[in-house]
Amino acid sequence: MSTDVLVTIAHVRAAGLCVHGTRTWFARQGLDFRAFLARGLPASSLLATGDAMAARVVEVARRVAEEPR
């Protein structure tokens, strides 16, 4: 997919990750968790961390974005 999908907390949950752990991960990465909850983040911002869990969540977001509506 060529567009930069918006990743939300729903994608985190769909990937099987917990909100508490995600909050901790955001703090370690220096990312604003409250802003993420309110607006989401572009996939590129999460992928830039190089973290495998971030890549997993982005993959879920991309699959959801590709689903027919």
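Above this text you will find the structure in question.
In this text, all values refer to a predicted model and were calculated from it rather than measured experimentally. Starting afresh in each chain, residues are numbered from 1 along the sequence in its written order. The predicted origin of the model limits local features to residues at a pLDDT of at least 70 and limits the giving and counting of side-chain atom pairs to 80 or more, whereas totals for whole chains, interfaces and linings rest on all residues. Note: side-chain values were computed over all heavy atoms of the structure, leaving out hydrogens and water.

This next bit is on helix α5 (residues 52-66). For α5, built from 15 residues, the straight-helix expectation of 21 Å at 1.5 Å per residue is met to within 8% by its first-to-last C-alpha distance of 21 Å. Relative accessibility under 20% of the residue-type maximum defines a buried residue, over 50% an exposed one, and the middle range a partly exposed one, all with a 1.4 Å probe and only protein chains included. Numbering of helices and strands runs from the N terminus, with a helix taken as a DSSP run of H or I at least four residues long and a strand as a DSSP run of E at least two residues long. Burial in α5 covers these residues: Ala-54, Val-57, Val-58, Val-60 and Ala-61. The buried side chains of α5 occupy one side of the element, clustering within an arc of 155° when seen end-on. Turned more than 90 degrees away from the buried face of α5, the exposed residues are Ala-52 and Glu-66. On the buried face of α5, the contacting elements are β1 (6-7), α1 (9-14), α2 (19-29) and α4 (43-47). What qualifies as a polar contact is a pair of N or O atoms within 3.5 Å, subject to a donor-acceptor requirement within protein and to the restriction that residues adjacent in sequence count only when both atoms come from side chains. Where α5 begins, one side-chain oxygen reaches toward the backbone nitrogen of Met-53, 2.8 Å away; that side chain belongs to Asp-51. Expected helix span is taken as 1.5 Å per residue step, with the number of steps being one fewer than the number of residues. Comment: arc refers to directions from the helix axis out to C-beta atoms. For this analysis, residues touch if any pair of their heavy atoms sits within 4.5 Å.

Here the largest pocket defines a volume of roughly 180 Å³. For the largest pocket, the lining is made up of 13 residues, of which Leu-17, Gly-21, Thr-22, Trp-25 and Met-53 are closest to its centre. At the level of elements, α2 and α5 are the ones that each hand at least two residues to the lining of the largest pocket. Of all the elements, α2 adds the most residues to the lining of the largest pocket, at four residues. Method remark: on a 1 Å grid restricted to protein atoms, a set of points is classed as a cavity if a 1.4 Å probe fits but cannot get out and as a pocket if it is open with protein on both sides within 12 Å along at least five of seven lines; lining residues have an atom within 4 Å of a point. Grid points are joined across faces, edges and corners, and a volume is the space filled by probe spheres set on the points.

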